[in-house]
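Descriptive structure summary
Now for the letters of each chain:
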Amino acid sequence: MDFNVVLQDVGDFGLYQKLLCIFLVVPSASLCALVYFTQFFTILVPDHRCKLSEEDIFQHNFSTFFNISVPYEIVNGKLLSKKCEMYDVSNISYISDTNYSNSMTVNCRNGWVYDFRELYPTIATEMNWVCDNDQLPYQSQTIFYVGTSLGCVVFGLIADRYGRRPSIILSYVIACVAGIGSAFTTSFYTFNILRFFVGATIIPLSEDPYVLSLEYIGVKKRTIVIIIWSMGYILFSAICPWIAYGLRDWRLLCIITSAPLAAVPLFGKFVPESASWLLTQGRKKEAVKLLKTVARINKKDYPEEFGERCYDKNNEQDNFNTTVLDLFKTPRLRLNSLVLAIVWFVVYCCYHTNTQNASNLGTNVYDSFTYSSLVEIPALFVILFGIDWLGRRWPVAFSSLAAGLAGLVILIIPRDAIKTHLGLALIQRVTITIVYNVIMQYSAELLPTVLRGRGLAFLRLMGTLGLYLSPSIVYLSMAMPGLPLVVSGVLMLLVSAFTLTLPETLHKHLPHSIEDGEMFGKNQNVLDCPCIHKSNMDSDDEPEAATEKA
């Protein structure tokens, strides 16, 4: 008997699944947003200038303190301050408002004065990561990303080898301890070692609960889960800047956003293991016990015959011996895996490029982050009403095409048309967000259960590698403000083309074995669309049919 049939019998979106969404999916998305953006708000560098010593101020009796502290230069018709230089007042007896600009300048001698009217003291201001050390905030962010890359691999292996539940609980423990610990550091190296571990847990603490919940939910309700997850992430992305604004203390911000993570380990006994994963490991008794719990909570009857007839020993033994390399040993699974890897790399790169490039909307940093987060909400409506009608493949292809065109249009827009550039950037942000959210669900549905944890870990790794490229693309704005959008547009056009080679997963049961993954979508063609060729799509061979037992 097939697992998905039993799941339908015990309830594939009853009270049990709704509780998973409330206590796992929503908190994981919300806490992920808080922890992730805390990294940004702890290393912000506010406006600053050189600090004069009290002796200089008293001795020279300067009439214009700010002018003497900060030299100016004219760049492209704009008056810009030299934040890392000061006038050499030690060799000047008097400086008037009319002749200070002709005086010699030197590097800051007495430290810096920071403008805390908008921002607040951060670790960057405490340790003076400015001027000659202005690369340190970037290095800190890079270290965080390195942790993200390695963590998604390690926790992916844990999820497939030891289960979804251990991966979830361990990631929350590490994120909580490292996040709170980073608030008490006083050195660059200690801070970044701890933030490395926080970065290592970002993806598993957010996506593993989502994947676990998805494996208990029927094919017709999976879209609801991604909507719930995305809404939680968007809302708390918009809230995080205002938590930082209210606290105005980077140490307290680390503690406040990390402490709630302790709730998952404390109540870890209520986090279930994936029954589907247990079956692939040959742990039938535990899987049956969990499914009986699902049936009881959903007030359904459990089919007793399932306990004796599910997966055979040969299939189980094959599952024990699987590695991530099995994604590339068979033709169709190899093609799907390579395409997904390219898509994840490009989408992560372009999403974070757009986020960094469009974060400054002509207002303060708190408003900028709020607007750039809330603009993603329209993407949720497209997902909610689109992917259960058009499927997964065509929304990804259409949205990628729209993102690509929005970027290329920049080439024919005058540079001084700032509002038009901003509008195109927001269009690209919305369309990339659609792809970003759909591809996570799409990938989880395409990968077989025995490789889902390791497969998603591999795809996450490819995605995080794209993060390293995004700052370099954003830097291209120095040559042309809209160039990052153009580069992202070209890359998203490639995603649109590659996606068409993937099979559709709408209304399909999740593949369990490697054989299921290889057979998945074998009767589909490139132009198939659920809303047009529904009969053909519905008649496609289900992967479980090959393993179903009478």
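Just so you know, these numbers come straight off a predicted model, no measurement behind them.

As for the overall build of the chain
Helix and strand content of the chain: 23 helices and 6 strands. Counting only residues that meet the buried cut, the chain has 55% of its 550 residues in that class.

So, the confidence of the model for the chain
Counting all residues, the mean pLDDT for the chain is 80, and 82% of those residues have values of 70 or more. Of the regions scoring below 50 in pLDDT, residues 75–79 engages in 5 contacts with residues more than four places distant in sequence or in other chains. With pLDDT under 50 throughout, residues 93–101 is counted as low confidence; its partners more than four residues away or in other chains account for 10 contacts.

Quick look at the packing of aromatic side chains
The geometry of two aromatic rings is summed up by the distance between their centres and the angle between their planes. Applying the stated criterion to the full structure yields 23 aromatic pairs. Arranged with centres 6.4 Å apart and planes meeting at 45°, the rings of Phe37 and Tyr233 form a pair that is tilted. Taken together, the positions of Phe37 in helix α2 (residues 15–42) and Tyr233 in helix α9 (residues 222–247) put the pair 196 residues apart, joining distant regions of the chain. Look at Trp129 and Phe191: their rings are 6.3 Å apart centre to centre, the planes differ by 65°, and that puts the pair in the edge-to-face class. Here Trp129 is found in the loop between α5 (123–126) and α6 (136–161), whereas its partner Phe191 is found in helix α8 (residues 188–214), with 62 residues between them in sequence.

What to know about α8
Taking 1.5 Å of rise per residue, the 27 residues of α8 would be expected to cover 39 Å, and the 40 Å separating its terminal C-alpha atoms lies within 8% of that figure. Within α8, the axis deviates most sharply at Thr201, by approximately 35°, and proline Pro204 lies no more than four positions further along. Most of α8 is tucked away: 21 of the 27 residues are buried.

What to know about unusual backbone geometry
A positive phi angle, near 55°, is found at Asn128, a position not held by glycine. Structurally, Asn128 can be placed in the loop between α5 and α6. The backbone of Cys131 sits at a positive phi, close to 55°, despite the residue not being glycine. Within the secondary structure, Cys131 is located in the loop between α5 and α6. Here Cys131 falls in the buried class, since its relative accessible area comes to 13%.

Details of the side chain of Thr185
Relative to the elements of secondary structure, Thr185 occurs in the loop between α7 (164–181) and α8. Looking at Thr185, the relative accessible area reads 3%, which means it is buried. One polar contact links the side chain of Thr185 to the main-chain carbonyl oxygen of Ser182, over a distance of 2.9 Å. Residues within four places of Thr185 in sequence aside, it is in contact with Ile123, Thr190, Phe191, Leu194, Trp250 and Arg251.

Some details on the pattern of salt bridges
Taken as a whole, this structure holds 10 salt bridges when the rule is applied. For Glu207, the salt bridge is made with Arg460, and the minimal N-O distance between the two is 2.9 Å. Here Glu207 is found in helix α8, whereas its partner Arg460 is found in helix α20 (residues 449–475), with 253 residues between them in sequence. A residue is classified by how much of its surface remains accessible, and Glu207, at 7% relative accessible area, is buried. Here Arg460 falls in the buried class, since its relative accessible area comes to 1%. Taken together, the shared-partner salt bridges connect Arg164, Glu215 and Arg452 into one network.

Some thoughts on empty space enclosed by the protein
Taken as a whole and judged by the stated rule, the model has 5 cavities of 30 Å³ or more. If you add up the space inside the largest cavity, you get close to 270 Å³. The wall of the largest cavity is formed by 21 residues, among which Cys32, Tyr233, Tyr348, His352 and Tyr436 lie closest to the centre. At the level of elements, α2, α6, α8, α9, α15 (331–357), α19 (418–446) and α20 are the ones that each hand at least two residues to the lining of the largest cavity. Split by residue class, the lining of the largest cavity holds 12 nonpolar, 7 polar and 2 charged. One number sums up the size of the second largest cavity: a volume of about 70 Å³. Going through the elements one at a time, α6, α8 and α20 are the ones with two or more residues in the lining of the second largest cavity. Of the residues assigned to the lining of the second largest cavity, the class counts are 4 nonpolar, 2 polar and 3 charged.

Describing a nonpolar patch on the surface
Nonpolar side chains collect at one region of the surface, where Leu15, Leu19, Ile22 and Phe23 lie side by side and expose about 400 Å² of accessible area between them. Among the secondary structure elements, Ile22 is positioned in helix α2.

Description of the layout of surface pockets
A volume near 540 Å³ is recorded for the second largest pocket. Broken down by secondary-structure element, the contributors of at least two residues to the lining of the second largest pocket are α2, α11 (263–266) and α13 (284–297). It is α2 that contributes the most residues to the lining of the second largest pocket, 7 residues altogether. For the lining of the second largest pocket, a count of residues per class yields 16 nonpolar, 1 polar and 3 charged.

Reading the values: the criteria
- Residues numbered from 1 in each chain as written.
- Predicted model: local features only at pLDDT ≥ 70, side-chain atom pairs only at ≥ 80, totals over all residues.
- Heavy atoms only, no water.
- Helix = DSSP H or I, 4+ residues; strand = E, 2+ residues; numbered from the N terminus.
- Buried < 20%, exposed > 50% of the residue type's maximum accessible area, 1.4 Å probe, protein only.
- pLDDT = per-residue confidence, 0-100.
- Contact = heavy atoms within 4.5 Å.
- Phe/Tyr/Trp six-rings, centres within 6.5 Å; stacked < 30°, edge-to-face > 60°.
- Expected span 1.5 Å × (residues − 1).
- Bend = angle between axes of the 7 residues up to and from the residue.
- Polar contact = N/O pair within 3.5 Å; in protein donor to acceptor, adjacent residues only side chain to side chain.
- Salt bridge = Lys/Arg side-chain N within 4 Å of Asp/Glu carboxyl O.
- 1 Å grid on protein atoms, 1.4 Å probe; cavity = no way out; pocket = protein on both sides within 12 Å on 5 of 7 lines; lining within 4 Å.
- Points joined across faces, edges and corners; volume = space filled by probe spheres on them.
- Nonpolar A, V, L, I, M, F, W, Y, C, P; charged D, E, K, R; others polar.
- Patch = residues over 30% accessible without salt bridge, like charges linked within 9 Å, V, L, I, M, F, W, Y side chains within 5 Å.
- Areas by Shrake-Rupley, 256 points an atom, 1.4 Å probe, with all protein chains shown as cover.

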